[in-house]
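Observations on the three-dimensional arrangement
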Amino acid sequence: MDFLAQKKEYRFKNIENQVCRVHTHLAINNNNLKVWRENDDKKSRKATKLIMDSLQDDNKYMFPDLVIVSSKYLKVVAAYDREKDVIYVNKGIYTHQIVKSHLKSSYFVAKDMRGILWHEYGYKLHWDAVKSFYKVHKSKYNDIRVVLVKSF
């Protein structure tokens, strides 16, 4: 199947609270993972390969869509968008050496790209649990935002 024919637009706010609109095409579509790319340039292809290599042993987990975007939109390594259930990945992070240079400080929990993606996946699991809790306890809460505030 020609994945490049499948296109999707993503809108998100970046760390500077600017609305970004990214047009993507489907690069990878296997059972539990879809990877969308803004571009089909060398860095984007290398970032896709790094992601796929990093998650090769994790194919039983249902990761949300991964979207590889330009560093002009995404100033961080990766970010989870709970409203759209998407993990955005900076295409500038396309080799193990670049990942290590970003993670060399003791600030980061992750040690490699797999750790970065699992860290973001942890946010997804957290928000899924919050939503499930709200569905079970709707009579106690008027609005899910109350549950979101109490979850921290």
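Use the structure listed above.
Residues numbered from 1 in each chain as written. Predicted model: local features only at pLDDT ≥ 70, side-chain atom pairs only at ≥ 80, totals over all residues. Heavy atoms only, no water.

1. What about the packing of aromatic side chains?
Counted only if it meets this: Under the pairing criterion, centres of Phe, Tyr and Trp rings, with the six-membered ring standing for Trp, must be within 6.5 Å; the plane angle then separates stacked pairs below 30 degrees from edge-to-face pairs above 60, leaving the rest tilted. In DSSP terms, a helix is any run of H or I states spanning at least four residues, a strand is any run of E spanning at least two, and both are numbered starting from the N terminus. Buried means the residue's accessible area, taken with a 1.4 Å probe over protein chains only, is under 20% of the maximum for its type, while exposed means over 50%, and partly exposed covers the values in between. Two thresholds decide whether a charge sits over a ring: the Lys NZ or Arg CZ must be within 6 Å of the ring centre and within 35 degrees of the ring normal.
A complete count under the given rule lists 7 aromatic pairs for this structure. Both rings, one in Y61 and one in W118, keep their centres 4.9 Å apart while their planes meet at 85 degrees; by these two values the pair is edge-to-face. Linking Y61 in the loop between α1 (42-54) and β4 (65-69) with W118 in helix α3 (residues 113-136), this pair joins segments that are 57 residues apart in sequence. Here the aromatic rings of W118 and Y121 are separated by 5.0 Å at their centres, their planes lie at 90 degrees, and the arrangement is edge-to-face. Placement of the pair is W118 and Y121 together in helix α3, with a separation of 3 residues, close to one helical turn. Judged by relative accessible area, which is 24%, W118 ranks as partly exposed. For Y121, a relative accessible area of 6% gives the class buried. One aromatic cluster is present, formed by Y10, F12, W36 and Y88 through successive ring pairs. The ring of W127 has R82 lying over it, and the distance from NZ or CZ to the ring centre is 4.3 Å.

2. A closer look at the sheet that holds strand β5 (residues 78-81)
What counts, and what does not: The criterion for strand pairing is that DSSP finds at least two bridges linking the strands in question. To obtain an axis, a line is fitted to C-alpha atoms, over the contacting stretch when the element is a helix, and the angle between two such axes runs from 0 to 180 degrees between their N-to-C directions. Whether two residues are in contact is decided by their heavy atoms, any of which lying within 4.5 Å being enough.
Ordered in space as β1-β2-β3-β4-β6-β5, the 6 strands form an open sheet in which the pairing is mixed. The two strands at the open ends of the sheet, each matched to only one other strand, are β1 (7-13) and β5. Across the sheet, the mean angle from the axis of one strand to that of its neighbour is 30 degrees, orientation sign disregarded. Taken together, the 3 bridges between strand β3 (residues 33-37) and β4 define a ladder with parallel strand orientation. Its bridge partner lying in β4, W36 is registered against V67. Across the sheet, α1 touches β2 (19-30), β3, β4 and β6 (86-90), and the angle it forms with β3 is around 165 degrees.

3. Comments concerning the side chain of N90
Structurally, the position occupied by N90 is in strand β6. On the basis of relative accessibility, which here comes to 6%, the residue N90 falls in the buried class. Excluding anything up to four places from it in sequence, N90 contacts V69, S70, S71, L74, K75, V76 and V77.

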